[in-house]
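# Examining the three-dimensional arrangement
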Amino acid sequence: MNAAEKGRSIQVDMFGDDMMARRAETTTPFNKRIRDLIETYCFGEVWGDETLTKRERSLLVMAILATLGRTPQLRLHIGAGITNGCTAEEIREVMAQVAIYAGIPAGVEGTEIAEGVIKG
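Calculation criteria
- Residues numbered from 1 in each chain as written.
- Predicted model: local features only at pLDDT ≥ 70, side-chain atom pairs only at ≥ 80, totals over all residues.
- Heavy atoms only, no water.
- Helix = DSSP H or I, 4+ residues; strand = E, 2+ residues; numbered from the N terminus.
- Expected span 1.5 Å × (residues − 1).
- Buried < 20%, exposed > 50% of the residue type's maximum accessible area, 1.4 Å probe, protein only.
- Arc of directions from axis to C-beta.
- Contact = heavy atoms within 4.5 Å.
- Polar contact = N/O pair within 3.5 Å; in protein donor to acceptor, adjacent residues only side chain to side chain.
- 1 Å grid on protein atoms, 1.4 Å probe; cavity = no way out; pocket = protein on both sides within 12 Å on 5 of 7 lines; lining within 4 Å.
- Points joined across faces, edges and corners; volume = space filled by probe spheres on them.
- Nonpolar A, V, L, I, M, F, W, Y, C, P; charged D, E, K, R; others polar.

### Some thoughts on helix H1 (residues 3-15)
- Helix length check: H1 (13 residues) gives 18 Å between terminal C-alpha atoms against 18 Å at 1.5 Å per residue, within 8%.
- Among the residues of H1, Ala3, Ala4, Gly7, Ile10, Gln11, Met14 and Phe15 are the ones counted as buried. Buried positions in H1, seen along its axis, are confined to an arc of 125° and lie on one side of it.
- At its buried positions, H1 is contacted by helix H2 (17-25), helix H3 (32-47), helix H4 (54-68) and helix H5 (71-83).
- Where H1 begins, the side chain of Asn2 points an oxygen toward the backbone nitrogen of Ala4, at a separation of 3.0 Å.
- One or two positions beyond H1, positive phi appears at Gly16, with a value near 95°.

### Quick notes on the layout of surface pockets
- When its volume is computed, the largest pocket comes out at roughly 450 Å³.
- The wall of the largest pocket is formed by 19 residues, among which Ile38, Phe43, Gln73, Leu76 and His77 lie closest to the centre.
- Contributing elements (two or more residues each) for the lining of the largest pocket: H1, H2, H3, H4 and H5.
- With six residues, the single largest contributor to the lining of the largest pocket is H3.
- Of the residues contributing to the lining of the largest pocket, the split by class is 12 nonpolar, four polar and three charged.
- The space that makes up the second largest pocket amounts to roughly 150 Å³.
- Of all the elements in the fold, those that place two or more residues in the lining of the second largest pocket are H2 and H3.
- Of the residues in the lining of the second largest pocket, the class split is two nonpolar, one polar and six charged.

This is how it looks when you write it as structure tokens:
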């Protein structure tokens, strides 16, 4: 399996068939390049490396996205993190860590987003 195939498989596992079908339907000549890079390098190469577990990677990505204020991606990755085995308690503690190291507003917003995703 090449990196793109591996990346696609990981994305299906994390985000589900429906999201991947919507992604395929909305791929255009303009956005195809970035989507191919994400599939091959982000998911195929980085997420596909087994040094860290998917659960550990999810916790790291949540912290990074909360720190950067990337709300839509944070929502998406909190849901994927739950799929990857992250618990509500672990997610809460990630947001506490974000609050201390990246600032209270980032931690508060991350906590609010996480609570909304966790409660459904």
